[in-house]
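Fold and geometry: a report
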Amino acid sequence: MARIPINLSTGKLEQASNIIVGIDLGTTNSLVAYLKEGKARAVSDEAGKNSLVPSIVHFAQDERVVVGEKARAFLTTEPQNTIYSVKRLMGKSYKDMEEHQQYFGYKIIDEDTESLVKVRVKDKFYTPIELSAMILKELKQRIERDLKASVSKAVITVPAYFNDAQRQATRDAGKLAGLDVLRIINEPTAASLAYGIGLDMDASSTIAVYDLGGGTFDISILHIEQGIFEVLSTHGDTFLGGDDFDKAIVDYWMEEHGFNFEENEQGKRFQQALRLAAEQAKKTLSTRDDFQTTVAAYTCKLTKEQFNALIQPLVERTLQSCKQALKDAKLTVDDIDNVVMVGGSTRVPLVKESVAALFGKPVFDEVNPDEVVALGAAIQADVLAGNNKDILLLDVTPLSLGIETMGGLMDVIIPRNSKVPSKAGRQYTTSVDGQTRLKVAVFQGERDLVKDNRKLGEFILEGIPPMPAGLPKIEIQFILDADGILQVKAKELRSGVEQSIKVRSTYGISEEEMAKMLIDSIQNAKQDMEVRSLLEARNEANNILLSADKFLTQNAALLSEEEITKTKELTNLLRIATEETDKDSINAAMDNLNEFTNPLAHRVMDVNIKEALSGKKV
Ligand code: AMP
């Protein structure tokens, strides 16, 4: 399989000597690193002080987008225009996020529970991919300033528990930021690489990576053999981290002094000041035994012993997760060779001591726990660049493979740079009632619309039993062997009908042509993404229009004249919006329709349930 050395900014083929950067795209902070004279280093801000870029995006009054430290101040003053924790939304549907909506200070949109979430800022809608791309662009600019050269290739890390959709979303964000994402790697894998684990081809080991950040915790158990990392298990809590330590301290001081926050500006400011003092206390107690400060003329004190007692139950929860991860991997603590610490909160001595005690060995904590993931990503990037001759690169597939879905969109099943042989699958369904045939068209390439990619073949799955749209379960599997032969299988799981095809993925395409396809995809990323969001919004709107029409015909008797007229008016507006080309106005029209019809739907459902129940009694 080919690895293509090209300069993506000029489009010229050249030696693969240009730097590939490693990026840790984090929930709270992100950072970028690269290998300089054999040593991984994280890139600092212009003042040369801080390597962390807060993962915060602020939309200023003058439409400017502000990212990082400069955006942080707006979290309290303009929460509705300031987006944080966007990583939590990557590849998620509204249904996934419903119970956590109150956690976010900004508005997450989508009442249609199955589709992907968007964020509304003023009158525009942004996908988590677009927002992450803004953070990645900031990192790209930071390293370009540092290197005084353009950078276009990157390795980006994601949590080991990220699913396909979340990984694909991260890839798309990279592409949109003008980066050719050579590989997505797991954060625990990167952290291990930073400690040199996995770089010796002859060594094999089993390790635990304990990652406690500001707002999330996860533990991963990995097995490494011949430089290949296998995730044996992961466990964690996506809402547990150092912020909870701060909160425990705030609660303690409040109780001690009998504070009560007023629901006004002053109350908010006092709460914020206490929170900052609590974080300062926590950090101080990582190296000292006591802490004292004054907040609004009150003396706030804390000893290390008191702090340890406060966070003990939280630390205990992380230890329970570790035990569960070991159990899931069918291992005991004795099977673990090393424990790697990641995340700012692992600086807390009680955390370190408790983890070391659980695993019965000292933990690896010499590398800065905030930077360790990005540094490891930079090491992996250097290996990909071919600079480390001792390490064998596994063969990878040079272009993504996927199928055509609604509206001519490309749905990637095996992303480019996946190891070969490789196997992946996904489930689909029908879009029309009674549909008995499904065309499966296989494409190769990086563009969002199949018409811009290369068609490898197609076949028709026939004999699907007629069912309402959405009911059939059609599994499509891609099996790519080491010689680049791709077998595509489609099977309707309820009836068992199946069909398959074999194609040669590299047949009739030269390295130059592949390089050109990659360059095109990056150059057209923004435009492609816009077309994709428009088509997705239209597909979604069409589904909603169908359900709204069905709803009106089936429930006319239960609705008032006025409700029917208003619903029809809103569906008409949505229909008109779908004929235009502005995704934001389609989203807004969907929003309006959903907002109006949701209470009606609930009411109708209640009546139907009551009727069903009384029917039963008779
Ligand atoms: P991360 O998400 O990995 O950047 O971790 C950020 C978390 O680490 C925040 O909750 C910080 O308050 C915490 N943190 C940073 N430095 C220290 C320190 N010296 N001692 C304790 N916690 C820290």
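In this numbering scheme, every chain counts its residues from 1 along its sequence in written order. Reporting of local features is limited, given that this is a predicted model, to residues whose pLDDT is at least 70; pairs of side-chain atoms are given and counted only at 80 or more, and all residues count toward the totals for whole chains, interfaces and linings. In computing side-chain properties, one takes all heavy atoms of the structure into account and sets aside hydrogens as well as water.

The subject of this paragraph is the site of the ligand. Proximity is defined per residue: any heavy atom of the residue falling within 4 Å of a molecule or strand makes that residue near it. Neighbouring the ligand are 16 residues, the closest being Gly214, Glu279, Lys282, Ser286 and Gly344. One of the side-chain nitrogen or oxygen atoms of Thr28 is found 3.5 Å away from an oxygen atom of the ligand. Gly214 is positioned with one of its backbone polar atoms (N or O) 3.0 Å from an oxygen atom of the ligand. Note on areas: Shrake-Rupley, 1.4 Å probe, and residue coverage restricted to the protein chains presented here. Here the ligand has 510 Å² of accessible area as a free molecule, and 84% of this is covered by the chains. Helix and strand assignments follow DSSP, with helices taken as H or I runs no shorter than four residues and strands as E runs no shorter than two, numbered in order from the N terminus. Elements with a minimum of two residues in the shell around the ligand: α7 (242-257) and α8 (265-284). Looking at which element gives the most residues to the shell around the ligand, the answer is α8, with three residues. Think of it as three bins: nonpolar holds Ala, Val, Leu, Ile, Met, Phe, Trp, Tyr, Cys and Pro, charged holds Asp, Glu, Lys and Arg, and polar takes everything else, Gly as well. Grouping the constituent residues of the shell around the ligand by class yields one nonpolar, nine polar and six charged. Among the domains, domain 1 (21-195 + 369-384) and domain 2 (202-363) are the pair contributing at least three residues each to the shell around the ligand. A 3.5 Å cut-off defines polar contacts: any pair of N or O atoms within that distance qualifies, except that in protein one atom must be a possible hydrogen donor and the other a possible acceptor, and neighbouring residues in sequence count only when both atoms are side-chain atoms. Residue ranges for the domains originate in an automatic or database domain assignment.

Taken domain by domain, the protein holds domain 1 (21-195 + 369-384), domain 2 (202-363), domain 3 (401-509) and domain 4 (527-613). Each of domain 2 and domain 3 has a C-alpha centre, and the two are 44 Å apart.

We call a set of buried residues a nonpolar core when its members are Ala, Val, Leu, Ile, Met, Phe, Trp, Tyr or Cys and they connect through side-chain atoms within 4.5 Å of each other. Residue exposure (1.4 Å probe, protein chains only): buried if accessible area is under 20% of the type maximum, exposed if over 50%, otherwise partly exposed. Ranked by size, the top nonpolar core spans 44 residues in total, and within it Val21, Ile23, Phe59, Leu89, Leu131, Leu136 and Ile156 carry the most contacts. In what follows, a contact means two residues having at least one pair of non-hydrogen atoms within 4.5 Å. Phe59 has contacts with Arg64, Val65, Glu78, Asn81, Ile83, Val121, Lys122, Tyr126, Leu131 and Met134, leaving out every residue within four places of it along the chain.

On to the environment of Lys70, then. Note on placement: Lys70 falls in helix α1 (residues 69-72). The class of Lys70 is exposed, set by a relative accessible area of 54%. The spatial distance from the C-alpha of Lys70 to the C-alpha of Asn543 is 41 Å, given a sequence separation of 473 residues.

Moving on to the environment of Asp289. Its place among the elements puts Asp289 in the loop between α8 and β18 (290-295). Asp289 gets classed as exposed once you look at its relative accessible area, which sits at 53%. In contact with Asp289, other than residues within four places in its own chain, are Thr303 and Lys304.

Here the expected span of a helix is defined as 1.5 Å times the quantity of residues minus one. Between its terminal C-alpha atoms helix α5 (residues 164-176) stretches 18 Å, which fits the 18 Å expected from 13 residues at 1.5 Å a residue. Those residues of α5 lying buried are Gln166, Ala169, Thr170, Arg171, Asp172, Ala173, Gly174, Lys175 and Leu176. Those residues of α5 that are buried are in contact with α4 (128-147), β13 (153-158), β14 (180-186), α12 (511-523) and α13 (525-555). N-cap assignment for α5: the residue whose side-chain oxygen lies 3.1 Å from the backbone N of Ala165 is Asn163.

A few words on the pattern of salt bridges. Pairs can form between side chains of opposite charge whenever their charged atoms are close. Think of a salt bridge as a Lys or Arg side-chain nitrogen and an Asp or Glu carboxyl oxygen that are within 4 Å of each other. In total, this model carries 32 salt bridges according to the counting rule given. With a shortest N-O distance of 3.9 Å, Arg145 and Glu46 are connected by a salt bridge. Placement of the pair is Arg145 in helix α4 and Glu46 in the loop between β5 (39-42) and β6 (53-54), with a sequence separation of 99 residues. Of the residues examined, Glu46 reaches a relative accessible area of 69% and is grouped as exposed. Here Arg64 and Asp62 are joined by a salt bridge, their closest N and O atoms 3.3 Å apart. Residues joined in a network through salt bridges with shared partners are Arg447, Lys451, Asp452 and Asp528.

Helix axes use the C-alpha atoms of the stretch in contact, all axes being lines fitted to C-alpha atoms, and the angles between their N-to-C directions lie in the range 0 to 180 degrees. At their nearest, the axes of α13 and helix α14 (residues 561-579) sit 10 Å apart, and the two run at 155 degrees to each other. Compared by their axis directions, α13 and α14 come out roughly antiparallel. Crossing hand, α13 versus α14: left-handed. Counting all contacts with α13, which are made through Arg538, Ala541, Asn542, Ile544, Leu545, Ala548, Asp549 and Leu552, the residues of α14 involved are Ile564, Thr567, Lys568, Thr571, Leu574, Arg575, Thr578 and Glu579. Its residues assigned to classes, the contact of α13 with α14 shows seven nonpolar, four polar and five charged. Note on angle classes: values under 35 degrees are labelled roughly parallel, values over 145 roughly antiparallel, values of 65 to 115 roughly perpendicular, and the remainder oblique. Each crossing gets its handedness from the near helix: less than a right angle anticlockwise from the far helix is left-handed, clockwise is right-handed.

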